[in-house]
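Working through the structure, step by step
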Amino acid sequence: MTNFDFYPYSQISVGPLHSGAFEAALTEFQGRKIVILVDENTHDCCLDYLLTQFEALKNAEVIVIPAGEDNKVMEICMQVWKALTDYHISRTDLLINLGGGVVCDMGGFIASLFKRGLTFMHIPTSLLAMVDAAIGGKNGVDLEGLKNQLGTFNHPSHIFVDPAFLSSLPEKELWNGHAETLKHGMISSISYFETLLQIDTTDKLIEASDIVESIRVKSQIVTEDPSEKNIRKILNFGHTFGHALETYFLTRSPIDHGHAVALGILVETFLSKQLLSFPENAFLKTIQHISKLFEVLCPPREEWDEIWESMLQDKKNDRGTVRPVLLKNIGEATLNTSIDYEQFKSGMTFLDVLAHPK
Ligand SMILES: NC(=O)c1ccc[n+]([C@@H]2O[C@H](COP(=O)([O-])OP(=O)(O)OC[C@H]3O[C@@H](n4cnc5c(N)ncnc54)[C@H](O)[C@@H]3O)[C@@H](O)[C@H]2O)c1
């Protein structure tokens, strides 16, 4: 079991759920009600293990929500809040979010607002949630197609990461998680970046050591800047273009968050090379690695203005400028470069050429 004792907000434990820490945490809730939030898939693939192996959860209430990003919305939160009310849940009871990033983000949001704050734990079950969404205390839901437009900063009391849950995760979802670990590698260190470039099979993807390293990168950055005033923003590498592309495709033919981040990394690495002399060698390795693992998509040129507008709306922006996180080198992210419309178009042209090679 690996613990991250430097992280002051939640107890993070990586290892088999059955190795003691989870049971110990549950004893704090003896005599309290426990609710487990799942989506349809984690209901089918992950819930049984909790209900049958942990005495304290035998009588837990279970709330099932439909799976997928489309359901990360207020309407579903309302239904969950009503169910919590029907179960007479009070602030000292416990909500366990058992699922991917959608369940963790939305469950954290639901817990934050319910009676001004219900204690909650995350048990992330997708790779993306294990290395990223469950760590850092950001909770939220989408509003009218805009990602995470409503949200809170509020940390779960505990985060239990058990890589065994990944055995039922569809392959595509494993690669989605890889996009966020690659981001962690690119903003943190050459050695971790090089390790991640070696990953080309799903077996290699779920190596516990890489999961631990990714959690370490994220939790160290969050510890340094919990409310995203400064350094934490570097975790948005790949996300300025990534979120705008995800939003664009959401109303057409939706793409996964991890896929969108991978596309965002392509463009933002290109802009890093153009504007900050990011090294050619690392640029080529990044482009080859992502192009091999993800389908490169680019909206038609006549719709690029919609992407630009969406980036101007991004809540990460300051004073109407678009400021993607760019890299001077692997491990050297900078927040100080804003891009103009022409630079945006050159980034999109690069993506277009990759998506439609002659
Ligand atoms: N809060 C943050 O800091 C943060 C960071 C990154 C991403 N996110 C959010 O995370 C979300 C994406 O997370 P995601 O990729 O996990 O999406 P997801 O929660 O939709 O999970 C992906 C799919 O895998 C299924 N699934 C999850 N675990 C499973 C398992 N063990 N076995 C079988 N099926 C399983 C889910 O039901 C879903 O169909 C986005 O909403 C994104 O905005 C949040």
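Notes on the structure follow.

Here's the deal with the overall build of the protein
When you go through the protein residue by residue, the secondary structure sums to 15 helices and 11 strands. Projected onto its principal axes, the C-alpha positions of the protein cover 60 × 40 × 35 Å. For the protein, buried positions account for 55% of its 358 residues. Split by element, the accessible area of the protein, about 15100 Å² in all, is 50% carbon and sulfur.

Side note on the site of the ligand
Around the ligand sit 28 residues in total, of which D39, E69, T125, S126 and S168 are the nearest. Note that an oxygen atom of the ligand is positioned 2.8 Å from one of the side-chain N or O atoms of K72. S126 is positioned with one of its side-chain polar atoms (N or O) 2.5 Å from an oxygen atom of the ligand. Against a free-state accessible area of 860 Å², the protein chains account for coverage of 91% of the ligand. Residue classes in the shell around the ligand are distributed as nine nonpolar, nine polar and 10 charged.

A short note on the side chain of D162
Take D162: it is sitting in the loop between β9 (158-161) and α7 (171-188). Buried and unpaired, D162 has R216 as its nearest opposite-charge partner, separated by 17 Å. Side-chain polar atoms of D162 contact the backbone nitrogen of L17, separated by 2.9 Å. When residues no more than four places from it in sequence are discounted, the contact partners of D162 are G15, P16, L17, Y49 and M130.

Some details on the nonpolar core
Judged by nonpolar contacts, the single largest core of 96 residues is most densely connected at F22 and L57. Sort the elements by how many residues they give to this core and helix α12 (residues 257-276) lands first, with nine residues. Here L57 is in contact with F22, L26, I34, I36, L50, L51 and I96, once residues within four sequence places are set aside. Ranked by size, the runner-up nonpolar core spans 22 residues in total, among them A83, L95, L118 and F120.

A few points about the packing of aromatic side chains
Taken as a whole, this structure holds 14 aromatic pairs when the rule is applied. With a centroid separation of 5.4 Å and an interplanar angle of 75°, the aromatic rings of Y7 and Y9 are classed as edge-to-face. You can call Y7 buried: its relative accessible area is 4%. Ring centres of W81 and F109 lie 6.1 Å apart, and the angle between their planes is 45°; this geometry places the pair in the tilted category. Of this pair, W81 sits in helix α4 (residues 74-86) while F109 sits in helix α5 (residues 101-113); the two residues are 28 residues apart in sequence, bridging distant segments of the chain. Cluster of aromatic residues (ring-pair linked, three or more members): F22, Y49, F54, F160 and F165.

Details of the sheet that holds strand β5 (residues 94-99)
Strand order in the open sheet formed by seven strands is β1-β2-β9-β6-β5-β3-β4, with mixed pairing between adjacent strands. Looking at strand neighbours, the two that pair on one side only are β1 (2-3) and β4 (61-65), the edges of this open sheet. Two strands pair when backbone bridges link them, and β5 and strand β6 (residues 119-124) are joined in this way by six bridges, in the parallel orientation. Considered in β6, the bridge of N97 is made with H122. Helix α10 (residues 208-224) contacts β1, β2 (11-14) and β9 of the sheet and is inclined by roughly 165° relative to β2.

Points about empty space enclosed by the protein
Taken as a whole and assessed by the stated rule, the structure comprises two cavities of 30 Å³ or more. Of the pockets and cavities examined, the largest cavity occupies roughly 160 Å³. Considering the residues around the largest cavity, the lining is formed by 13 residues, among which L146, K147, S310, D314 and K315 are closest to the centre. Elements supplying a minimum of two residues to the lining of the largest cavity: β8 (146-153), α11 (239-250) and α14 (304-313). For the lining of the largest cavity, the element with the most residues is α11, which contributes four residues. Here the lining of the largest cavity is built from residues that sort into three nonpolar, six polar and four charged. The computed volume of the second largest cavity comes to approximately 40 Å³. Around the second largest cavity, the lining residues are L127, H178, T181, L196, I199, L205, D210 and I211.

So, how was this worked out
Numbers given for residues are sequential positions, taken from 1 along each chain in its written order. Residues qualify for local features only when their pLDDT is at least 70, as the model is predicted, and side-chain atom pairs are given and counted only at 80 or more; totals for whole chains, interfaces and linings, by contrast, use all residues. Values reported for side chains reflect all heavy atoms of the structure, with hydrogen atoms and water molecules removed beforehand. Secondary structure is summarised from DSSP: a helix means a run of H or I of at least four residues, a strand means a run of E of at least two, and numbering begins at the N terminus for each. Residue burial is assigned from relative accessible area. The probe radius is 1.4 Å, only protein chains are included, and a residue is buried under 20% of its type maximum, exposed over 50%, and partly exposed in between. Only the protein chains shown count as cover for residues, and all accessible areas are computed by the Shrake-Rupley method using a 1.4 Å probe. By convention in this text, a residue qualifies as near a molecule or strand provided that one of its non-hydrogen atoms is within 4 Å of it. Definition of a polar contact: a pair of N or O atoms within 3.5 Å, with one able to donate and the other able to accept a hydrogen when the atoms are protein atoms, and with sequence-neighbouring residues admitted only if both atoms are side-chain atoms. Here the nonpolar group is Ala, Val, Leu, Ile, Met, Phe, Trp, Tyr, Cys and Pro; Asp, Glu, Lys and Arg are the charged ones; every other residue, Gly included, is treated as polar. As used throughout, the charge tally considers Lys and Arg to be positive and Asp and Glu to be negative, leaving His and the chain termini uncounted. Note on definitions: salt bridges are taken to be side-chain nitrogens of Lys or Arg within 4 Å of carboxyl oxygens of Asp or Glu. The contact rule is simple, with two residues in contact once any of their heavy atoms fall within 4.5 Å. Definition of nonpolar core: a set of buried residues of the types Ala, Val, Leu, Ile, Met, Phe, Trp, Tyr and Cys, connected through side-chain atoms within 4.5 Å. For this analysis, a ring pair means two rings from Phe, Tyr or Trp (six-membered ring only for Trp) whose centres lie within 6.5 Å, classed as stacked if their planes differ by under 30 degrees, edge-to-face if by over 60, and tilted for the remaining angles. Two strands are counted as paired when DSSP detects at least two bridges linking them. To define axes, lines are fitted to C-alpha atoms, for helices over the stretch in contact only, and angles between the resulting N-to-C directions are given on a 0 to 180 degree scale. Method remark: on a 1 Å grid restricted to protein atoms, a set of points is classed as a cavity if a 1.4 Å probe fits but cannot get out and as a pocket if it is open with protein on both sides within 12 Å along at least five of seven lines; lining residues have an atom within 4 Å of a point. Grid points are joined across faces, edges and corners, and a volume is the space filled by probe spheres set on the points.

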